[in-house]
Amino acid sequence: AMLGNLGENLTKTMKKLVGMSVIDKKTIKEVVKEIQRALIQSDVNIALVLDLSKKIESRALEEEPPKGITPREYVITIIYEEMVNLLGGDAAGLDIDVKPYKILFLGLQGSGKTTTIGKLCRYLQKKGFNPAVVCTDTWRPAAYEQLRQLTEEMQVPLYGDPDNKDALDLAQKGLKEFKNRKVIIFDTAGRHKQEEDLIAEMDTLDDIIQPTESILVIDGTIGQQAGEQAKAFSQATDVGSIIITKLDGSAKGGGAMSAVAETGAPIKFVGTGERIDDFELFDPERFISRLLGMGDIQSLIEKAEDNIDEDMAEKTMKNMMSGKFTLVDMKNQFEMMNSMGPMQQVLSMIPGLGNKVSKEASKMTEDKIEGYKIIMSSMTQKEMENPKLIKQSRIKRIAMGSGVEEAEVRDLLKYYNNTKKTMKGIGKRGRFGNGSMNRM
Ligand code: GDP
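Residues numbered from 1 in each chain as written. Predicted model: local features only at pLDDT ≥ 70, side-chain atom pairs only at ≥ 80, totals over all residues. Heavy atoms only, no water.

(A) Fine view of the overall build of the protein. For the protein, the helix and strand inventory stands at 19 helices and eight strands. Intrachain contacts of the protein at a sequence separation of at least 6 include 72% that bridge at least 24 residues. Approximately 22500 Å² of the protein is accessible, and the part contributed by carbon and sulfur atoms is 48%. (Helix = DSSP H or I, 4+ residues; strand = E, 2+ residues; numbered from the N terminus. Contact = heavy atoms within 4.5 Å. Areas by Shrake-Rupley, 256 points an atom, 1.4 Å probe, with all protein chains shown as cover.)

Okay, here's the thing in structure tokens:
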């Protein structure tokens, strides 16, 4: 699993949030606690976790959801936004705008540097760039051979010479060899006898190659230590961006990513497995979406909203059938039509409903319904619940209040009375007839 159990735990928490019957201070705190626990398990720095939870909690408790968004959806949005911020916000990617675009690859031995060079070559090939690789790692005997096998498979040209022990000379010759290529990738040593030697070599290579971009490869399984490593490298050289590897199955990947993001260096790609295609452009928004299971959550929210509609529908239908049909029910009916589709479709869901209502209903155009809704908004709650109250003087007032002719108010009342009568008839048949209403 990606990032060990982090994704699973977060998705579980989000699903729980969707299923909660009320969203209040207590439930928000509970959700934040679960997020904290999941992140700390993933080795995310405690201070970062506390900062994140404080932000989520105060925003969730204080901010008003924008119009059309339920409090539940808004809490989910806040969690998503704050988690994206934790990882640095926007996707960076590579902008290959000069030729040759020279990439210097840095990273400790074992970080996955060689494998990642292969992955980036494949990625660039798919984008239509034809990269070439130069091997300057004179320290590890197998480095050249490993690169040779990787590049040969993809038909990527490689320059190197296992007998040449001069990294700087190799870099110069490689530069000359591939000066007409769009992208040149330089592999460097990931280890030396002394750390200072490694840093000195990186510095000189940097001078000779004058890279367009230096990419540091970091092993994601080291957790929040990745932040220290990123800092150490950027103090020694000019690190432009980071690739974090081994995010598949590593419980500590979340810690590595957040710690690197905190240093300000952009994470551009992530490695998610040993195969050449287990590599992706790092996009915090997409990444967090997946981690939180947002696709699932979206459909859960929709389902929850459907249920609310169904509740309202059931109540309205019950009132309709029992003859207790009021203007409140009619208004609900109109609202349902908005969310459930055309009236006929809504009515077709009611067992035993005759053609009469659907025919009448189908004559109701959307404009007419909108007009009726405006008229109803000028009625008092009492009038809505007891339409019999609406006599001449009230009709006059309602017409004035909603800016329509009195005839239109009467038209609405006629439609209401007709619908009520038909509903009552169906209700009776259902109750005293073949029992089809039991299905309701
Ligand atoms: P280098 O010494 O930095 O060049 O590291 P290598 O490229 O030789 O990789 C070291 C090990 O890490 C190899 O066994 C790779 O298969 C493995 N590795 C590299 N990237 C990933 C990754 O994203 N996921 C996993 N699971 N293994 C990886």
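The structure having been displayed, the exposition proceeds.
(B) Representation of the pairing of strand E7 (residues 267-271). Summarising burial for E7: five of the five residues are buried, a large majority. Pairing between strand E6 (residues 241-245) and E7: three bridges, direction parallel. Bridge pairing links Ile243 to Phe269 in E7. For the crossover that starts at E6, traverses helix H10 (residues 253-263) and ends in the parallel E7, the hand is right-handed. Bridge count between E7 and strand E8 (residues 279-281): three bridges; the pairing is antiparallel. Counted as the bridge partner of Gly271 is Phe279 from E8. (Buried < 20%, exposed > 50% of the residue type's maximum accessible area, 1.4 Å probe, protein only. Pairing = 2+ DSSP bridges. Right-handed = clockwise from strand over helix to strand, strands pointing away.)

(C) Highlighting the packing of helix H2 (residues 25-41) against helix H3 (residues 46-62). Orientation of H2 relative to H3, taken along the N-to-C sense of each, is 160°, at an axis distance of 10 Å. The pairing of H2 with H3 is recorded here as roughly antiparallel in orientation. The two elements H2 and H3 meet at a crossing, and its hand is right-handed. Contacts between H2 and H3 pair Lys25, Ile28, Lys29, Val32, Ile35, Gln36, Leu39 and Ile40 from the former with Ile46, Val49, Leu50, Leu52, Ser53, Ile56, Glu57, Ala60 and Leu61 from the latter. For the contact of H2 with H3, the per-class residue count stands at twelve nonpolar, two polar and three charged. (Axes fitted to C-alpha atoms, helices over the stretch in contact; angles between N-to-C directions. Parallel < 35°, antiparallel > 145°, perpendicular 65-115°, else oblique. Left-handed = near helix turned anticlockwise from the far one by under 90°. Nonpolar A, V, L, I, M, F, W, Y, C, P; charged D, E, K, R; others polar.)

(D) Highlighting the site of the ligand. Around the ligand sit 17 residues in total, of which Gly110, Lys113, Thr114, Thr115 and Asp248 are the nearest. For the ligand, an oxygen atom lies 3.5 Å from a polar atom in the side chain of Arg140. In the model, an oxygen atom of the ligand is placed 3.0 Å from a nitrogen or oxygen of the Lys246 main chain. Burial of the ligand by the protein chains amounts to 79% of its free accessible area of 580 Å². In terms of residue count, helix H5 (residues 113-126) provides more of the shell around the ligand than any other element does, four residues in total. Residue composition of the shell around the ligand, by class: one nonpolar, ten polar and six charged. (Near = heavy atom within 4 Å. Polar contact = N/O pair within 3.5 Å; in protein donor to acceptor, adjacent residues only side chain to side chain.)

(E) Representation of the pairing of strand E2 (residues 131-135) in the model. Burial runs high along E2: five of the five residues are buried. With burial as the criterion, each face of E2 is covered, one bearing Pro131, Val133 and Cys135 and the other bearing Ala132 and Val134. Two strands pair when backbone bridges link them, and E2 and strand E3 (residues 158-159) are joined in this way by two bridges, in the parallel orientation. Following the sheet pairing, Val134 is matched in E3 by Tyr159. A crossover links E2 with its parallel partner E3, the connecting element being helix H6 (residues 143-154), and its sense is right-handed.

(F) Highlighting the sheet that holds E7. Spatially, eight strands are ordered E3-E2-E4-E1-E5-E6-E7-E8 in an open sheet, and the strand pairing comes out mixed. In this open sheet, the two edge strands, each paired with only one partner strand, are E3 and E8. Relative to strand E1 (residues 101-106), helix H8 (residues 195-209) is tilted by about 175°, and along the sheet it contacts E1, strand E4 (183-187) and strand E5 (213-219).

(G) Representation of unusual backbone geometry within the structure. Residue Pro100 follows Lys99 across a cis peptide bond; omega there is -5°. By secondary structure assignment, the location of Pro100 is in the loop between helix H4 (71-86) and E1. Unlike most non-glycine residues, Gln155 shows phi in positive territory, near 55°. Here Gln155 shows up in the loop between H6 and E3. Overall, Gln155 belongs to the exposed group, its relative accessible area being 72%. The residue Lys246 is not glycine, and still its phi comes out positive at about 60°. One can find Lys246 in the loop between E6 and H10.

(H) Geometry of H5. For H5, with 14 residues, the first-to-last C-alpha span of 20 Å sits near the 20 Å given by 1.5 Å per residue. Here H5 lies mainly inside the structure; ten of its 14 residues are buried. Looking only at H5, the buried set comprises Lys113, Thr114, Thr116, Ile117, Gly118, Lys119, Leu120, Cys121, Tyr123 and Leu124. Directly after H5, the chain includes Gly128, whose backbone phi takes a positive value near 95°. (Expected span 1.5 Å × (residues − 1).)

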